[in-house]
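Coordinate analysis (summary)
Listed here are the chains, written in short residue letters.
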Amino acid sequence: MRAAAFTDLTGPDGVNIVEQPTPDPGPGEAVVDVEACSINHHDLWILNGASAMIDPTDLPFVTGLDVAGVVRTVGDGVTGVDPGDRVVLCPNETCGTCRFCREGPENLCASYSLYHGGLAEEARVDADRLIPLPDAVDTTTAAALPTAYLTAYHMLRRAEVEPGDLVFVPGATGGVGVAAVQLADVLGVRSIGTSSSASKLETLSDLGADHVVEGTDPDQLRETVAAVGTPDAVINHLGGVYTGLGLDVMRRGGRMVVCGRTAGPTSEIDIADLFRGHKRVIGSTMGTQADLERLVDLVAAGELDPRIDRTFPLAETAAAFETMRDRDTLGKLVVTMD
């Protein structure tokens, strides 16, 4: 089979199409004929050599978390899916025995990790992580869900937003940002989204953002957001200076959920404002399989239409990563099998 493998951790020029053995399923596993797999900044960080998870001794490395396709074959003991089923993969990998695996939420598992291997014509996966797709959900759309939309949905749940609440999403034209704005709209939650691109903000408004703000400077954003209203919650996938900004603009008793550090690995905050204002800062990673099942249901019901910027054939996976690197996108980039 063909796979888009990282053969060097030097950026998009390190992606090459290679031949690999077609996998066979072991007990509890399934092999999926991949039809679509979206890419994420997680993958790009690995490709740029910025992740401690992979080093040159692991090459060639096939990434790809967000797998959708058709089950080809299953191993011994598999009962939940059958060959021919259309499925999307929940990329969570957990121990299955700890307190959080038993009682939930599973993404708190101390051994939590993520599946990699979807940028290939076939993928061997844990069968119990496969979610059947209704006829109304195509595999390209399904492949847009597992990382960005799963993360955003879980963050909104952790933020305890309710219909009519106001949520602030800095950097709202990134993958998680777009997903957060769309899902807020589905949930009846008002949103303020920011971006450095005026043209992207126009599209964001079409996707459901109630208020859009152009700019990246925290001082300017602080004033502009305050003029709109006082957010009940902040969805922060940037980290860095935007953590302090989020706390500054948030109402008393507000909740900020943080899932990333694109803008910086550390943040400086006003501790007195935090405790006097009864504000909460909540860390969040990905989501649960039940969250992803709910997202599939929303798509099937026509309530959610994940934003896909463009698709690339497997042979052009390097170009997909170039597009992501150059920030020439609004929404998901999906690799399809040609």
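1. Comments concerning the overall build of the chain
Each helix and strand counted, the chain has 11 helices and 17 strands in total. When the backbone C-alpha atoms are referred to their principal axes, the chain occupies close to 55 × 40 × 35 Å. Buried residues in the chain amount to 53% of all 338 residues. Sequence-distant contacts in the chain: of pairs separated by 6 or more residues, those separated by 24 or more amount to 69%. Approximately 14200 Å² of the chain is accessible, and the part contributed by carbon and sulfur atoms is 45%.

2. Regarding the sheet that holds strand E15 (residues 280-283)
Spatially, E12-E11-E10-E13-E14-E15 is the arrangement adopted by the 6 strands of the open sheet, whose pairing is parallel. Edge positions in the open sheet fall to strand E12 (211-214) and E15, since each of these has one partner strand only. Taking the axes of each pair of neighbouring strands and ignoring which way they run, one obtains an average angle of 20 degrees across the sheet. As paired strands, strand E10 (residues 166-169) and strand E11 (residues 190-195) are joined by 4 bridges and run parallel to one another.

3. Digging into the packing of aromatic side chains
Per the counting criterion, the structure on display carries 2 aromatic pairs. An angle of 55 degrees between the planes, with centres 6.3 Å apart, marks the rings of Phe 6 and Phe 61 as tilted. Taken as a pair, Phe 6 in strand E1 (residues 2-6) and Phe 61 in the loop between helix H1 (41-47) and strand E4 (66-74) lie far apart in primary sequence, 55 residues in all. Owing to a relative accessible area of 0%, Phe 6 belongs among the buried residues under this scheme.

4. Points about helix H4 (residues 145-158)
Look at H4: 18 Å from first C-alpha to last across 14 residues, which is about the 20 Å you get at 1.5 Å a residue. For H4, the buried fraction is high: 12 of the 14 residues fall into the buried class. Phi turns positive, to about 55 degrees, at Glu 160, one or two residues after H4.

5. Considerations on the pattern of salt bridges
This model, assessed by the stated rule, comprises 16 salt bridges. In this structure, the salt-bridge partner of Arg 222 is Asp 219, at a minimum N-O distance of 2.8 Å. Taken as a pair, Arg 222 and Asp 219 lie in helix H7 (residues 218-228) at a separation of 3 residues, close to a single helical turn. What makes Arg 222 partly exposed here is its relative accessible area of 26%. By relative accessible area, Asp 219 is classed as partly exposed at 49%. Here Asp 248 makes a salt bridge to Arg 222, at a shortest N to O gap of 3.0 Å. In this pair, Asp 248 sits in helix H8 (residues 241-249) while Arg 222 sits in helix H7, placing the two residues 26 residues apart along the sequence.

6. Re the pairing of strand E14 (residues 255-258)
Here E14 shows no split at all, with Arg 255 and Val 257 on one side and Met 256 and Val 258 on the other all buried. For the handedness criterion, the β-α-β arrangement of strand E13 (residues 233-236), H8 and E14 is classed as right-handed. Pairing analysis gives 4 bridges linking E14 to E15, with the strands arranged parallel. Within E15, the position partnered with Val 257 by the bridge is Ile 282. Note that the unit made of E14, helix H9 (residues 271-276) and E15 has a crossover that is right-handed.

7. Regarding the side chain of Asn 107
Tracing the sequence through the fold places Asn 107 in the loop between helix H2 (99-103) and strand E7 (113-114). When sequence neighbours within four positions are dropped, the list of residues in contact with Asn 107 reads Tyr 112, His 154, Thr 285, Met 286, Gly 287 and Thr 288.

8. Things to note about the nonpolar core
Judged by nonpolar contacts, the single largest core of 52 residues is most densely connected at Leu 145, Tyr 149, Leu 183, Ile 235, Leu 295 and Leu 304. Elements that contribute at least two residues to this core include exactly helix H3 (139-143), H4, E10, helix H5 (175-186), helix H6 (198-206), E13 and helix H10 (289-300). No other element matches the 8 residues that H4 contributes to this core. Each residue touching Leu 183, except ones within four places of it in the same chain, is listed here: Tyr 149, Ala 152, Tyr 153, Leu 156, Leu 295, Leu 298 and Leu 304. Formed by 39 residues, the second largest nonpolar core is a distinct cluster that contains Ile 54, Val 67, Phe 321 and Met 324.

9. Observations concerning the packing of H4 against H5
Where H4 meets H5, the axes come as close as 8 Å, and the angle between the chain directions of the two elements is 55 degrees. Taken together, the axis directions place H4 and H5 in an arrangement best described as oblique. In this structure, the crossing between H4 and H5 has a hand that is right-handed. Counting all contacts with H4, which are made through Ala 148, Tyr 149, Thr 151, Ala 152, Tyr 153, Met 155 and Leu 156, the residues of H5 involved are Gly 175, Val 176, Val 178, Ala 179, Ala 180, Gln 182, Leu 183 and Ala 184. In terms of residue class, the contact of H4 with H5 is built from 12 nonpolar, 3 polar and no charged.

Parameters and conventions
- Residues numbered from 1 in each chain as written.
- Predicted model: local features only at pLDDT ≥ 70, side-chain atom pairs only at ≥ 80, totals over all residues.
- Heavy atoms only, no water.
- Helix = DSSP H or I, 4+ residues; strand = E, 2+ residues; numbered from the N terminus.
- Buried < 20%, exposed > 50% of the residue type's maximum accessible area, 1.4 Å probe, protein only.
- Contact = heavy atoms within 4.5 Å.
- Areas by Shrake-Rupley, 256 points an atom, 1.4 Å probe, with all protein chains shown as cover.
- Pairing = 2+ DSSP bridges.
- Axes fitted to C-alpha atoms, helices over the stretch in contact; angles between N-to-C directions.
- Phe/Tyr/Trp six-rings, centres within 6.5 Å; stacked < 30°, edge-to-face > 60°.
- Expected span 1.5 Å × (residues − 1).
- Salt bridge = Lys/Arg side-chain N within 4 Å of Asp/Glu carboxyl O.
- Right-handed = clockwise from strand over helix to strand, strands pointing away.
- Core = buried A, V, L, I, M, F, W, Y, C linked by side-chain atoms within 4.5 Å.
- Parallel < 35°, antiparallel > 145°, perpendicular 65-115°, else oblique.
- Left-handed = near helix turned anticlockwise from the far one by under 90°.
- Nonpolar A, V, L, I, M, F, W, Y, C, P; charged D, E, K, R; others polar.

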